[in-house]
Amino acid sequence: MNAKSIRTRSTPAAQGSVIGLYARSILLGGAAAVLLLLIGTAICYAQPDPAAALKPFALTALYLSAAVCGLSVGRASERILIAGAGAGGLYCLLVTALSLIPASDTPGYSLGISIAMHIGIIAAALAGAWLGRRRPGRKSISRKKRRR
């Protein structure tokens, strides 16, 4: 995939290279993940048994941050499915690389569940890109309302 295969819109935020577009989306997804993990941690520690709620909050933060990553790309790209899949793939690679860091004695998931979860990351980024797409009719409606 070359840099010209994903056309970006001519908005000031979208001007620049495809690498910059993906880097910005990964940074926004990472920032969303950190924020969601902090909120989830605070909620978990308020529970009587924090360990019971930890995995659901962590998975929620993972998939919502992947959706934010896709949303960022979807707002700036014309080819939302290609851009969303690319952003989701890069985010999936980042999560995989981070999961290789050894942690304490926490049990992992089986191979099948792990593959399904990684496919879910790409699906969340695709959904975010689709939700973030610009709809052509919205600007014309808002301009008509301003004229009245």
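Residues numbered from 1 in each chain as written. Predicted model: local features only at pLDDT ≥ 70, side-chain atom pairs only at ≥ 80, totals over all residues. Heavy atoms only, no water.

**Some thoughts on the side chain of Ser72**
Looking at the secondary structure, you find Ser72 in helix α2 (residues 50-76). The class for Ser72 is buried, based on a relative accessible area of 8%. Once you skip the residues sitting within four places of it in the chain, Ser72 turns out to touch Arg24, Ser25 and Leu28. (Helix = DSSP H or I, 4+ residues; strand = E, 2+ residues; numbered from the N terminus. Buried < 20%, exposed > 50% of the residue type's maximum accessible area, 1.4 Å probe, protein only. Contact = heavy atoms within 4.5 Å.)

**Quick notes on helix α4 (residues 111-131)**
The terminal C-alpha atoms of α4 lie 30 Å apart, and with 21 residues this matches the ideal 30 Å at 1.5 Å per residue to within 8%. Here α4 has its buried residues at Met117, Ile121, Ala124, Ala125, Gly128 and Ala129. The arc that holds the buried residues of α4, viewed along the axis, is 135 degrees, so those residues lie on one side. Exposed side chains of α4 directed beyond 90 degrees from the buried face belong to Leu111, Gly112, Ile119 and Leu131. Taken together, the buried residues of α4 touch α2 and α3 (80-99). (Expected span 1.5 Å × (residues − 1). Arc of directions from axis to C-beta.)

**Regarding the packing of aromatic side chains**
Working definition: an aromatic ring pair is given by the centre-to-centre distance plus the angle between the planes. Counting across every chain of the model gives zero aromatic pairs. The ring of Trp130 is capped by Arg133, whose NZ or CZ atom sits 4.1 Å from the centre of that ring. (Phe/Tyr/Trp six-rings, centres within 6.5 Å; stacked < 30°, edge-to-face > 60°. Lys NZ or Arg CZ within 6 Å of the ring centre and 35° of its normal.)

**Thoughts on a nonpolar patch on the surface**
A grouping of Leu35, Ile39 and Ile43 is seen on the molecular surface, where their side chains present a nonpolar patch of about 260 Å² in accessible area. Residue placement: Ile43 occurs in helix α1 (residues 18-45). By relative accessible area, Ile43 is classed as partly exposed at 36%. (Patch = residues over 30% accessible without salt bridge, like charges linked within 9 Å, V, L, I, M, F, W, Y side chains within 5 Å. Areas by Shrake-Rupley, 256 points an atom, 1.4 Å probe, with all protein chains shown as cover. Salt bridge = Lys/Arg side-chain N within 4 Å of Asp/Glu carboxyl O.)

**What about the packing of α1 against α2?**
For any two helices packed against each other, one specifies the crossing angle of their axes together with the interaxial distance. Look at α1 against α2: their axes get within 8 Å of each other, and the N-to-C directions meet at 155 degrees. Here α1 lies roughly antiparallel to α2, going by the angle between them. As for the relative orientation of α1 and α2, their crossing is right-handed in sense. (Axes fitted to C-alpha atoms, helices over the stretch in contact; angles between N-to-C directions. Parallel < 35°, antiparallel > 145°, perpendicular 65-115°, else oblique. Left-handed = near helix turned anticlockwise from the far one by under 90°.)

**Focus on the nonpolar core**
Core analysis: the largest hydrophobic core is formed by 15 residues, its most contacted members being Tyr22, Tyr91 and Ile121. For this core, the secondary-structure elements that each account for two or more residues are α1, α2, α3 and α4. (Core = buried A, V, L, I, M, F, W, Y, C linked by side-chain atoms within 4.5 Å.)

**Quick notes on α2**
For α2, with 27 residues, the first-to-last C-alpha span of 39 Å sits near the 39 Å given by 1.5 Å per residue. Every buried residue of α2 is accounted for by Ala53, Ala61, Leu62, Ser65, Ala66, Cys69, Gly70, Ser72, Val73, Gly74 and Ala76. Taken together, the buried residues of α2 touch α1, α3 and α4.

**Here's the deal with the environment of Thr60**
With respect to the helices, strands and loops of the structure, Thr60 is situated in helix α2. Look at Thr60 and you get partly exposed, because its relative accessible area is 41%. The sequence separation of Thr60 and Ala33 amounts to 27 residues, and the corresponding C-alpha distance is 9.2 Å. Among the polar contacts made by the side chain of Thr60, one reaches the main-chain carbonyl oxygen of Pro56 at a distance of 2.7 Å. (Polar contact = N/O pair within 3.5 Å; in protein donor to acceptor, adjacent residues only side chain to side chain.)

**What about the side chain of Ser65?**
Structurally, the position occupied by Ser65 is in helix α2. A distance of 2.8 Å separates a polar side-chain atom of Ser65 from the backbone oxygen of Leu62. A polar atom in the side chain of Ser65 sits 2.7 Å from the side chain of Tyr91.

**Quick notes on the environment of Ala32**
With respect to the helices and strands, Ala32 occurs in helix α1. With residues near it in sequence (within four places) discarded, Ala32 still touches Ser65 and Val68.

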